[in-house]
Amino acid sequence: MLDVKLRRLFTLLSNVLGIGIESVLVNLSKGHAVESFPLLKEGQGQGQGQGQEQGQGTPMDSHRRSHSNSLLPFEICENSKPHHHHHHHHHHRSRSRFKSGQFDDGFYVHEANARSVYINDPKRTNENYEFTGNEIRTSSYTLLTFLPKNLFIQFHRVAYLYFLAIAALNQLPPLAVFGRTASLFPLLFVLCVTAIKDGYEDWRKHRSDRFENNRDCLVLQEHGNFRPKKWNRIQAGDVVKISADEMIPADIVLLGTSDQSGIAYIQTMNLDGESNLKTRFARQETVTAVTSESCGVTGVIRCEKPNRNIYEFAANMEFNGNKIPLNQSNIVLRGCVLKNTDWLIGVVVCAGQETKAMLNSAAAPPKRSKLEIYMNRETGWLSIFLFVMCSAVALGTAVWLVRHKQQLETLPYYRKTYLNLGPHFGQVYRYYGIPMEILFSFLSSVIVFQIMIPISLYITMELVRVGQSYFMVEDMDMHDSSCGLRFQCRSFNINEDLGQIRYIFSDKTGTLTENKMEFRKASVFGKNYGSSMPVPPAVKSKRRWKLKSEIPIDYDLMTLLQKEEDPSSEERVAAHDFFITLTACNTVIPVVNGSKPSKEDDGVVSIDYQGESPDEQALVSAASAYGYTLFERTSGHVVVDKNGEKIRLEVLGMHEFDSVRKRMSVVIRFPDNAVKVLVKGADTSMLSILANDKDSVWHATQTHLNEYSLEGLRTLVLASRDLSEEELEAWQSAYAEASTALYDRAIKLRHAASLIECKLKLLGATGIEDRLQEGVPDTIECLRQAGIKVWVLTGDKQETAISIGVSCKLLTPDMHKIIINANSEAHCRDLLVQAKARYGVRPSGKGQGNGKCKTIADLGKEEEEDTAPMALIIDGTSLLFDLATACRVVICCRVAPLQKAGIVNLIKSRTDDMTLAIGDGANDVSMIQMADVGVGICGQEGRQAVMASDFAMGQFRFLRKLLLVHGHWNYQRLGYLVLYNFYRNAVFVFMLFWYILCSAFSTTSALTEWSCVLYSVIYTSIPTVIVGVMDKDLSQKTLLQYPKLYGAGHRQEAYNIRLFWLTMIDTLWQSLVVFLIPVLTYQNSSIDIWSLGSLWTIAIVILVTVHLAMDVNGWILIMHVAVWGSIFITYGCLIVLDSIPLLPNYWTIYHLACSPTYWITILLVTVVALLPRFACKVASQILWPSDIQIAREVEAISKEHGDW
Amino acid sequence: MSSSGAAGAGSTDSTAARRNTKRPKYSKFTQQELPACKPILTPRAVISAFLLVSVVFVPVGVASLLASRKVVEIVYRYDSKCIPKNVTNKVAYIQSSADKACSITLNVTKHMKSPVYIYYQLDNFYQNHRRYVKSRSDEQLRKRGEENETSTCKPEDMVNGRAIVPCGLIAWSLFNDTYSFSVNKRNLTVNKKGISWKSDRNHKFGKDVFPKNFQNSSIIGGAHLNESIPLREQEDLIVWMRTAALPTFRKLYGKIEEDLKEGELVNVTLNNNYNTYSFNGKKKLVLSTTTWLGGKNDFLGIAYLTVGGLCFFLALAFTIVYFVKPRQLGDPSYLSWNRNPGGH
């Protein structure tokens, strides 16, 4: 669907702009990239505003979300109006229109695809076995299937297949290099460890499944009363009754609730993590047929096939001969909890695995770290080495066989035929002709050299990353004590990417700011209030409602409201309407704690406002502080407590917030029968529909709005209008038709809204402050010093964004500001070209951004982009890219979620630099998933961002430690780990290779087969992991003090191809030393193969261990234990292996250990092998010290002086 | 590991959420603040490391070299000498049943203290060939009851359907040249006891395992074994069965337990039976004394002296570098962003 829309959009654009097909195609593929995120898919399609049915819009009334409505969880729809009955008609017509139309978004129920649920008749419902039961199974295995299924899944990994192939090769008789057990050991070891881990995880899932399945729920039974039933026995078609605070067992369509109007409040924490309450409605038609003990509803519900979109539901219900459409607001999903409602009764339409909650529980596709991608490239080189070595052995075999062709029968060490009398006499023994022998020689050398491909590295890396994640999670500095949130690692694969971030894309609200809205200023009827003065106690005591937050009250405004004289002055009325609008024009639900307040209760009753928009909550709280308390809200009316006097306002209709109008309006009938429309919205959308055009109030308000923006306040404009009877009627008929329309409902509603949202009287404006989070300026400063470019992508308007930019030190006075603020694409392009020319940005080829940045980075620029940037991103990509990458700071305003992802993708696809996106809301999900590293902030806006993120934390400032300290460490550690693993395995393989050259190319290994197998698994693995997890090149104090040390990650200092080749040369040298020194020492002696092999084993283990020890940056006790312990473990293993009389190497080690030659050979090997490396290390540190090296020295010196 | 947990409904998710809210406990370990020793390559440390190596290596090198020089070694290659001049087909000669006795004289150039070890050295003999190394049956050698465990010995496993003890190519190719020594017509006793590893004798070769069907086939690889002597006491076999690591190797033949004086002529009567001609292998007879280091090998001494010297030289070189191009440790002016400001 998205695809089609994008294509249409692009065609349109290319027609307008005359862009070539090529760029359109390029951008289409970008669209595909976005499409792979399931949660976004539907939402973004709608976000494009292509005139599709949008449900009923979402009740968001904060302009920062202006573009994001379609991504919001759970729409709330008010559908209490009785339906017109000609929707049959509509339905058919719309269907036929769909057939001819080019898209099909599945919003309507097609008879062919529909599934029928017979209410309260589960038997009939399940006749066709279309539905699954309500039993859930998140576990993947049962006792029987565990072994085969687990093995099957495990062998999906390439590494294991490699292991398996090698082990299988080894089972062929001519290739049996190792014994059976020895060759299977590594594979079995890894398989067992993984299987035990998987088994344990699955057992836990089984346990929780069992718990879930055995919960009880009240189900309407045949006798017509509700009886408890286990969850796993519930079927589609069952009518269930849920009481307050109970969990919903399946996806159910509401039939009735304890509320007469059919409202139910639910908490969707388990689904999307949002803690606020959401409303769901039973259809008015069914509510009356349901009581708390019975359900008289019978009929059929035809609903769509199960799908994972939790924001949509399409079905219709046949009841009493009527066809009633059902949508998302009529369904309650499994996993939600019923709140503030005594009971609800509903019919199960999707059960068990088909519920949306279960369909959504799939894991996100894993990301791969950049280091790992490079590592795979080098693994390719290692495979080439492997191939070359095996070919060399094969070639050698060929030459040797040809030269000794005549002697193969007589050579004492190579007998190809049975020469003894007996049944086999004259037969050939394991000789398959020269070509085959060459092939077998190649294959058997693959077996011997198998660890050249460091398969164990993948397992080691996983272990190391788990360890690193443990330290990140346990870090006290990244623990948010205010809300008690720990750091979370949701992805284990990209820890090291944190050390190489070049771009940070940050959301503003909730990420840089606290997203705790506070009402600061108000402009009422052209007068500015809010230089918050202390409130006289007399005024304060009048308040009867205790709110969660205290709001400073402006005394002047308070007196204006309470002035007794002249109650009908224009200003007074405007102020009154202003607060009524604040109170009524929103979707906030008041939750009164405790029992209903009685008259004699003069204690303070606390009210908790639940709503999806923090702005609305702030406004309602503010109104309450001024004496207008929202007390009750149902679909039909609102009760406002005005200084103790309860006013009941009838809500005739509500036009919810949508991204096109950017405003919300509500039509209210006052007790005096006057009808008013109250509107609230973004200034841009409001100022154009005002009646009092450019009078004094208008000008004053405009000035105030600008002031507020400059102070960084979020502004909203409020207006109202009295409706005459004719206008009301006209609107009512339009509204009624629109709200029951099945097709183009959003457009029709918008049209209805436009009837009344015009010629409004300006009431005033509000300024809400969203304070910066603690430590944000410092963090941004620090990150900038570290060479990270911080981009802020916000939905806010330009002035607000700039003021926030200034206050968080993102923008400094010495910067040149480039503001791109265009209305058309052409204009925008011109501006970009001009800016480029002015600051001398040269066009750059793909991925060349870095070099160019160096020349002009100190210009320091700021770019403002305020247009419909979708077109900009499509058309002006290269322009924007050149300019933006040359800037230190980029702030993008009015950005929609999809555009956020687009900008991230622009940088990601055009440079090699790492990107990090950080955000807290649902509107950041696309960006978080697009970036190399996604960080979610667990803030006020639910857990959508966290769910999509790789790392989640409480506050923006933790980013500093996360990147500069943990990122740096992780990167350094893992980079070294990879290189060291390459070295460790290669040096061993090279050594085996040299020996094979001395054994007539016969793939003999002097080492016992067990030593070959255990080398990478036991002898040398433990210190690798320990050092990978715990080694610390610099203390965190130093890293935070010198943020520029982070540049080591940008320059890829810990791992790059040059280091790889240097390591390989070193490896070659070391392998030659470790091979040749024992050979030369024991030349002309009676040493046997097992003794020499034993010497080699120990020499190479000591060598690689000392090599590691030489590179350890900070020695702590556990490292000493691991490093030196591994040598002892090796000796232990050798002693055990040499104590088995059946093995040919029996007692070797004891013999060797007695001779001093053995020991001085080992010493010589270690020193000679490591001498060049050590000398080079010293030389490079003297002549070309790295930053890290200098910082280490600083650390050491100041430690000596006792400063630390 | 399993990436991001499933967002499934139910208890697992809520427990995870609860776990996440627990405040981490402070410990130096979890905060990665354990006191660590951070070695730094200060000039002093570097120079003293090099000096330390040379101080250790030079004396060891000198000692090794002295030890090696002390060893007296006589090597005599006899494979070509012990073939009569008129023989053109050496292989045919060695396979024939002619008397292959041969007499050579060794000149003792230096006093040789007892015990004088007698080795034979073979060349171009790949005892480390994979087919060869594996061609033995350790089970069979150890236990009498497992004499039919010959599967690993193929194709030298059976003869006429009966198991060969000891089976396999290694045993089959047992070296069979013999040497006897005399000085001034006086025979020197060659002690052939204790030339093999005691552990091999006691645990790898059974005392009740006797040779059977050995060298019974049409092609004879080497020595015959006395079928009345258990394998445990067949020390030549035990020595031979410890296959050599490299294609040129020595094996202990026996010991002469008396001193050989300088200038003495040792007459060796040898039976040149072993066929190395088919693969152009050399045969040498070696008489050698030993020291704590083993046999004569200057390599270790020279290597140690070289490395010691090199390290001394490196220590000097780095001293000079530190003087010529001193760099204050921890000098921030060397930091990359201070060296070329503006660029990053």
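No experiment lies behind these values; they were computed from the predicted model shown. (Residues numbered from 1 in each chain as written. Chains lettered and ligands numbered in written order. Predicted model: local features only at pLDDT ≥ 70, side-chain atom pairs only at ≥ 80, totals over all residues. Heavy atoms only, no water.)

Colleague: What is the right way to read the interface of chain A and chain B from this model?
Modeller: In many analyses, interface size is given as the accessible surface area lost on bringing the parts together. Tallying the contact residues gives 132 residues for chain A and 114 residues for chain B. Note that Asp 1088 of chain A and Arg 242 of chain B form a salt bridge whose closest N and O atoms lie 2.8 Å from each other. Seen at the junction of chain A and chain B, the total is 36 residue pairs in polar contact (both at pLDDT 80 or more). Among the elements that line the side of chain A that touches chain B, the one with the most residues is helix 41 (residues 1156–1183) of chain A, at 17 residues. Of the residues in the side of chain A that touches chain B, the class split is 70 nonpolar, 36 polar and 26 charged. (Contact = heavy atoms within 4.5 Å. Salt bridge = Lys/Arg side-chain N within 4 Å of Asp/Glu carboxyl O. Polar contact = N/O pair within 3.5 Å; in protein donor to acceptor, adjacent residues only side chain to side chain. Helix = DSSP H or I, 4+ residues; strand = E, 2+ residues; numbered from the N terminus. Nonpolar A, V, L, I, M, F, W, Y, C, P; charged D, E, K, R; others polar.)

Colleague: How should I be thinking about unusual backbone geometry in this particular structure?
Modeller: Excluding glycine, most residues fall at negative phi; most peptide bonds, likewise, are trans. Residue Pro 115 of chain B follows Ser 114 of chain B across a cis peptide bond; omega there is 0°. Position of Pro 115 of chain B relative to the elements: it lies in the loop between strand 2 (101–107) and strand 3 (116–122). Omega for the bond connecting Val 165 of chain B with Pro 166 of chain B falls within 30 degrees of zero, at -15°, which places this linkage in the cis form. With respect to the helices and strands, the residue Pro 166 of chain B is situated in the loop between strand 5 (162–163) and helix 6 (169–172). Even without glycine at this site, Gln 1052 of chain A takes up a positive phi of about 55°. Positionally, Gln 1052 of chain A belongs in the loop between helix 36 (1047–1050) and helix 37 (1057–1081). Even without being a glycine, Asn 124 of chain B presents a positive backbone phi close to 60°. As for its position among the elements, Asn 124 of chain B is in the loop between strand 3 and helix 4 (130–133).

Colleague: What am I meant to see in the nonpolar core here?
Modeller: When a protein is soluble and globular, its nonpolar side chains tend to lie buried together. Residues and elements named next belong to chain A. Grouped together as the largest cluster of nonpolar side chains are 139 residues, with contacts concentrated most on Phe 449 and Leu 1164. Of all the elements, helix 32 (residues 958–997) adds the most residues to this core, at 19 residues. Setting aside residues up to four positions removed in sequence, Phe 449 forms contacts with Leu 386, Met 389, Cys 390, Val 393, Val 989, Leu 992, Phe 993 and Ile 996. Counting 75 residues, the second-largest nonpolar core is a separate cluster that includes Phe 525, Val 675, Val 697 and Leu 718. (Core = buried A, V, L, I, M, F, W, Y, C linked by side-chain atoms within 4.5 Å. Buried < 20%, exposed > 50% of the residue type's maximum accessible area, 1.4 Å probe, protein only.)

Colleague: Please explain the side chain of Thr 417 of chain A as it appears in this structure.
Modeller: Turning to its location among the elements, Thr 417 of chain A is positioned in the loop between helix 12 (370–403) and helix 13 (434–448). Only 3.2 Å separates the side chain of Thr 417 of chain A from the side chain of Glu 409 of chain A, close enough to count as a polar contact. Residue contacts for Thr 417 of chain A: discarding those within four places in its chain leaves Glu 409, Gly 426, Gln 427, Val 428 and Tyr 429 of chain A together with Pro 155 of chain B.

Colleague: Please explain the state of the cysteines as it appears in this structure.
Modeller: Between two cysteines, a covalent bond joining their sulfur atoms is known as a disulfide. Residue and element names in this part refer to chain B. Across all of its chains, the model carries two disulfides over all chains by this definition. The disulfide partner of Cys 82 is Cys 102, and the S-S distance across this bridge is 1.9 Å. One quick way to see it: the torsion about the S-S bond of Cys 82 and Cys 102 is about -65°, and its sign makes the bridge left-handed. With Cys 82 in the loop between strand 1 (73–77) and helix 3 (90–95) and Cys 102 in strand 2, this pair connects stretches of sequence that are 20 residues apart. Its relative accessible area of 4% is what places Cys 82 among the buried residues. Cys 102 gets classed as buried once you look at its relative accessible area, which sits at 11%. Disulfide partner of Cys 153: Cys 167, at an S-S distance of 1.9 Å. Of this pair, Cys 153 sits in the loop between helix 5 (138–142) and strand 4 (158–159) while Cys 167 sits in the loop between strand 5 and helix 6; the two residues are 14 residues apart in sequence, bridging distant segments of the chain. (Disulfide = S-S within 2.5 Å.)

Colleague: Explain the pattern of salt bridges here, please?
Modeller: Side-chain pairs of opposite charge can arise whenever the charged atoms involved come near each other. What the rule picks out here adds up to 46 salt bridges over all chains. Arg 520 of chain A is the partner of Glu 769 of chain A in a salt bridge, and the nearest nitrogen-oxygen pair spans 2.5 Å. Of this pair, Glu 769 of chain A sits in strand 27 (residues 761–772) while Arg 520 of chain A sits in strand 16 (residues 513–524), and the two are 249 residues apart along the sequence. Assessed through its relative accessible area of 26%, Arg 520 of chain A is described here as partly exposed. Between Arg 186 of chain B and Glu 258 of chain B there is a salt bridge whose closest N-O contact spans 2.9 Å.

Colleague: Which parts of the structure should I look at to understand the packing of aromatic side chains?
Modeller: Each aromatic ring pair is summarised here by two numbers: the centre-to-centre distance and the angle between the ring planes. Scanning the model with the defined rule gives 57 aromatic pairs over all chains in all. A centroid spacing of 5.9 Å and a plane angle of 25° characterise the contact between Phe 487 of chain A and Phe 951 of chain A, whose relative ring orientation is stacked. Note that Phe 487 of chain A is positioned in the loop between helix 14 (455–474) and strand 14 (488–489) and Phe 951 of chain A in strand 34 (residues 951–953), a separation of 464 residues in sequence. Accessibility classification places Phe 487 of chain A together with Phe 951 of chain A in one group, the buried group. Taken together through their ring pairs, the aromatic side chains of Trp 400, Tyr 413 and Tyr 414 of chain A together with Tyr 120, Phe 125, Tyr 126, Tyr 132, Phe 175, Trp 240, Phe 249, Tyr 274 and Phe 279 of chain B make up a single cluster. The ring of Trp 172 of chain B has Arg 415 of chain A lying over it, and the distance from NZ or CZ to the ring centre is 4.2 Å. (Phe/Tyr/Trp six-rings, centres within 6.5 Å; stacked < 30°, edge-to-face > 60°. Lys NZ or Arg CZ within 6 Å of the ring centre and 35° of its normal.)

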